[in-house]
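# Analysis of the macromolecular model
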Amino acid sequence: RPRRFGEDTRGGTVAHVLGAAMASWTRVHVASASSTTQVDRSINPRVSTLRASRTMALTDLARAMQDDGIDVVGLAAGEPDFDTPHVVAEAGVQAIRRGKTRYAPNRGTAELRRRIRTKLKRDQGLEYAQDEIVVSNGAKQSCAMAVFACCQPGDEVIVPAPHWVSYPEMTTLAGAESVVLHTNAQDGFVLQPDALAQSLTEKSRMLVLCTPSNPTGAVYTEQQLKDIARVVADHPRLLVLSDEIYEHIVYPPAKHRSFASLDGMWERTITVNGFSKGYAMTGWRLGYAAAPQWIADAMAAVQSHTTSGANTIAQEAALEALDLGPAGGEPGTAMIQAFQERRDFVVKRLHAIEGIVLAEPQGAFYAFPDVSRFLGPDVEVEGFGKVPDVDTLCRYILEVGKVAVVPGDAFGDSNCLRISYAASMDLLEKAMDRIASALHPNKFVRRKPGTT
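Residues numbered from 1 in each chain as written. Predicted model: local features only at pLDDT ≥ 70, side-chain atom pairs only at ≥ 80, totals over all residues. Heavy atoms only, no water.

## Observations regarding the side chain of Glu-132
- Structurally, the position occupied by Glu-132 is in the loop between helix 5 (110-124) and strand 2 (133-136).
- Buried charged residue Glu-132 carries no salt bridge. Nearest counter-charge: Arg-117, at 7.1 Å.
- One polar contact links the side chain of Glu-132 to the main-chain amide nitrogen of Gln-293, over a distance of 3.4 Å.
- Setting aside chain neighbours within four positions, we find Glu-132 in contact with Trp-266, Ala-289, Ala-290, Ala-291, Pro-292, Gln-293 and Ala-296. (Helix = DSSP H or I, 4+ residues; strand = E, 2+ residues; numbered from the N terminus. Buried < 20%, exposed > 50% of the residue type's maximum accessible area, 1.4 Å probe, protein only. Lys, Arg positive; Asp, Glu negative; His and termini not counted. Salt bridge = Lys/Arg side-chain N within 4 Å of Asp/Glu carboxyl O. Polar contact = N/O pair within 3.5 Å; in protein donor to acceptor, adjacent residues only side chain to side chain. Contact = heavy atoms within 4.5 Å.)

Here it is, written out as C-alpha cells:
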C-alpha cells in the first residue's frame, strides 16, 4: 500500500496528530456500533475509492498546529491572502439589507448571466446565449457538473499531469476512467500534442486543460493551444473542459487565451471560470460555466437536483466585481503585481537551493519544484530518518522546518512539491529561510545498502 501523508513508524508530530484523530473516531464509532443494532456500513464503491484532498488536509493541519501555539508557516492553501475588494464586499452587505436573501434561479440570476456574457465577449471574444451560462457554487462544482453531465462508465477522461487534485476524483464519481498523461519541467509542464494523439481512443470523451495551471503555474501559449486543438479536431467525440479560474493571474510576457476561442473548438468546449482567485472571493463560493446549449442544459439539470442555484448574496456581489473591469480593475492589478513580486522572490530563493530544479511559473500563485534529488530509499536526514518519498520530505519540512507545503504526488507527480506564494512577503521570507535550511545538502546523506 502506498505511504499516505502523515504515516510514520517513528511516531512523529504529524503522525501523532493524525493518529490521535483516527483513534478518537474509532472509539466513538465502535462504541456507537456496540450500543445499537448492527448497521450495514457499505459505501458506494465510487465514493469509497476517493482520496481526501491533500491540500485541504495539510491546510487544516497547519492551522491546527498554529492554534496549538506552534509557529508554522502555511504555504499549502490555494487561495489569495487578500481581502475581497471593499466595493464588492459592500455590495454583498447591501444585498442582505435590500432583502436579496431568497433562492436564486437554478442557472443563476438573469443579470449576472448577462454580465458574464459581456465579460466573455469583451475579454475572450466568446459569444454565448444567456441560457448557455450556468452559475454554480464555485468553479469546482462547475468542473464536476461538466464531468457528470458528459461522461459515463466506459468513457476515458484525459488528464495532463501535474493536475489539480480533484479532476481524477470527479472522473471516478462519474464512473469514467482517468487517463493521466505526464508532462515534465523541460517542456514547461505543457501537454505535447504527440502525446495527446497517442493516448486517444474511441473511449476518449473529455480532455481537461487548466491554464494558467494549478499546480505548476504553466500558461499555454496560443500556438501550443492551437497544436492541441488540431489533435482534438480529429476526434468528434472528444470534449474539452477548459478550467480558466486563474485567468487573471498571468505574468508578462505570458498571455491567457481561451481554448473555446480557437477555430472549431467552441462547439466542444466547456469553459469554467469564477470569482475565487481573480477577485479574492474564495469564501463567497461562486463560479460559472459557459458551454453549448445541450451541455449547459445537462449541467443545469445536475445542479437542479444537487445544490440548486448559487448563493443569491454572492451573485449580487459578483455584479460589482465584474464592474471593476478587465482583470479585476485596479484591485485586481494591484493583487497581480504583488503576486508577481512574490513569484520572483520565491523563484530566486528556490534556484539558490542546490539540488532543486524549477520551471518558472508564468501564472497562478504556485511554484512546483522538482525535489527528486532529496528522495530515495537510501536517503536519510540526521535526527529525522529516511526520506524515501515526497510525502516524507514534506512531513520533514513541516516537522523540522515548520512550513506546510503539499506533496507533488497529490497532483500526479511524485518528484515535486507545491509551494503557494499566496502569503505576505514577511511570511514568505520566513518560510524560504526555513525551507533552505531544511534542504541544506549537508543534512542529507545517502546510505549504502546494508549500512546504518
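Anyway, onward from the coordinates.
## Structural notes on the sheet that holds strand 9 (residues 366-367)
- The strand order across the open sheet formed by three strands is 9-14-13, and the pairing between neighbours is antiparallel. Each edge of the open sheet is held by one strand with a lone partner, namely strand 9 and strand 13 (406-407). (Pairing = 2+ DSSP bridges.)

## Notes on the nonpolar core
- The biggest cluster of nonpolar side chains holds 106 residues, and the ones touching the most others in it are Leu-196, Leu-207, Phe-259, Ile-270 and Leu-393.
- Not counting residues within four places of it along the chain, the set of residues in contact with Ile-270 comprises Ala-146, Met-206, Val-240, Leu-241, Ser-242, Ala-289, Ala-290, Ala-291, Ile-295 and Met-299. (Core = buried A, V, L, I, M, F, W, Y, C linked by side-chain atoms within 4.5 Å.)

## Re the packing of helix 12 (residues 329-351) against helix 14 (residues 425-438)
- Axis separation between helix 12 and helix 14 bottoms out at 10 Å; the angle between their running directions is 10 degrees. Considered as vectors, helix 12 and helix 14 are oriented roughly parallel to each other. Considering only the axes of helix 12 and helix 14, their crossing is right-handed. Of the residues in helix 14, those touching helix 12 at Glu-341, Arg-342, Phe-345, Val-346, Arg-349 and Leu-350 are Met-425, Leu-428, Glu-429, Met-432, Asp-433 and Ala-436.
- Residue composition of the contact of helix 12 with helix 14, grouped by class: seven nonpolar, no polar and five charged. (Axes fitted to C-alpha atoms, helices over the stretch in contact; angles between N-to-C directions. Parallel < 35°, antiparallel > 145°, perpendicular 65-115°, else oblique. Left-handed = near helix turned anticlockwise from the far one by under 90°. Nonpolar A, V, L, I, M, F, W, Y, C, P; charged D, E, K, R; others polar.)

## As for the pattern of salt bridges
- Applying the stated rule across the entire model yields 24 salt bridges.
- One salt bridge in this structure joins Asp-71 and Lys-430, with 3.6 Å as the shortest N-O distance. You can see Asp-71 sitting in the loop between helix 3 (54-67) and strand 1 (73-74) and its partner Lys-430 sitting in helix 14, a full 359 residues away along the chain.
- Here Asp-71 falls in the partly exposed class, since its relative accessible area comes to 41%.
- Among the residues examined, Lys-430 registers a relative accessible area of 33% and is labelled partly exposed.
- Its salt-bridge partner being Arg-257, residue Glu-222 comes within 2.3 Å of it at the nearest N-O pair. One end of the pair, Glu-222, is in helix 9 (residues 222-232); the other, Arg-257, is in the loop between strand 6 (239-243) and strand 7 (269-274), and 35 residues separate them in sequence.
- Taking relative accessible area as the criterion, Glu-222 reaches 36% and is therefore assigned partly exposed.
- Here the residues in one salt-bridge network are Glu-111, Arg-114, Arg-115 and Asp-323, joined through shared partners.

## Focus on the sheet that holds strand 15 (residues 444-446)
- Reading across from one edge, 11-10-15 is the order of the three strands in this open sheet, with antiparallel pairing throughout. With partners counted over all chains shown, the strands left at the sheet margins are strand 11 (385-386) and strand 15, one partner each.
- Bridge analysis of strand 10 (residues 379-381) against strand 15 gives three bridges, and the strand direction is antiparallel. Looking at strand 15, one finds that Val-381 is bridged to Phe-444.

## Some remarks on unusual backbone geometry
- With an omega dihedral of 25 degrees, the bond running from Asn-214 to Pro-215 counts as a cis peptide bond.
- Cis geometry marks the peptide bond from Pro-252 to Pro-253, where omega comes out at 10 degrees.
- Looking at the secondary structure, you find Pro-253 in the loop between strand 6 and strand 7.
- With phi around 50 degrees, Ala-280 is a residue other than glycine that occupies positive phi space.
- Examined against the element boundaries, Ala-280 turns out to sit in the loop between strand 7 and strand 8 (287-290).
- Looking at Ala-280, the relative accessible area reads 7%, which means it is buried.

## With respect to helix 14
- Taking 1.5 Å per residue, 14 residues should reach 20 Å; helix 14 reaches 20 Å between its end C-alpha atoms and fits that length.
- All of the buried residues in helix 14 are Leu-428, Ala-431, Met-432, Arg-434, Ile-435 and Ala-438. One side of helix 14 holds all its buried residues, which, seen down the axis, span an arc of 165 degrees.
- In this structure, the buried residues of helix 14 make contact with strand 1, helix 12, helix 13 (390-399), strand 12 (403-404), strand 14 (417-420) and strand 15. (Expected span 1.5 Å × (residues − 1). Arc of directions from axis to C-beta.)

## Quick look at the packing of aromatic side chains
- The tally for this structure, following the rule as stated, stands at 14 aromatic pairs.
- By way of ring pairs, the aromatic residues Phe-82, Tyr-246, Phe-339, Phe-365 and Tyr-366 are connected into one cluster. (Phe/Tyr/Trp six-rings, centres within 6.5 Å; stacked < 30°, edge-to-face > 60°.)

## Digging into the confidence of the model for the protein
- Across the protein, pLDDT averages 91, with 91% of residues at or above 70.
- A low-confidence stretch, residues 1-26 (pLDDT under 50), is modelled with 38 contacts involving residues beyond four sequence positions or located in other chains. (pLDDT = per-residue confidence, 0-100.)

## Brief notes about the packing of helix 6 (residues 139-150) against helix 7 (residues 166-173)
- For the pair helix 6 and helix 7, the least separation of the axes is 9 Å and the interaxial angle reads 40 degrees. Classified by the interaxial angle, the pair formed by helix 6 and helix 7 is oblique. Two packed elements cross with a definite hand, and for helix 6 against helix 7 that hand is right-handed. Residue-level inspection shows Lys-140, Cys-143, Ala-144, Val-147 and Phe-148 of helix 6 in contact with helix 7, the latter providing Ser-166, Tyr-167, Met-170, Thr-171 and Leu-173.
- Among the residues forming the contact of helix 6 with helix 7, the class breakdown is seven nonpolar, two polar and one charged.

## A word on the side chain of Glu-380
- Following the sequence through the fold, Glu-380 ends up in strand 10.
- With near-sequence residues (within four places) excluded, Glu-380 lies in contact with Gly-385, Lys-386, Val-387, Lys-443, Phe-444, Val-445 and Arg-447.

## Some words on helix 9
- Among all positions of helix 9, only Leu-225, Ile-228, Ala-229, Val-231 and Val-232 are buried. Viewed end-on, helix 9 has its buried residues packed into an arc of 155 degrees, placing them on one side of the element.
- Where helix 9 is buried, its residues contact helix 8 (193-199), strand 5 (204-210) and strand 6.

## Thoughts on the pairing of strand 5
- Burial analysis of strand 5 places seven of its seven residues in the buried class, which makes it a mostly covered element.
- Two strands pair when backbone bridges link them, and strand 3 (residues 156-161) and strand 5 are joined in this way by three bridges, in the parallel orientation. Among the inter-strand pairings, Val-157 is bridged to a residue of strand 5, identified as Met-206.
- Here strand 5 runs beside strand 6; their pairing, made up of five bridges, is parallel. Across the sheet, residue Cys-210 finds its bridge partner in strand 6, namely Asp-243.

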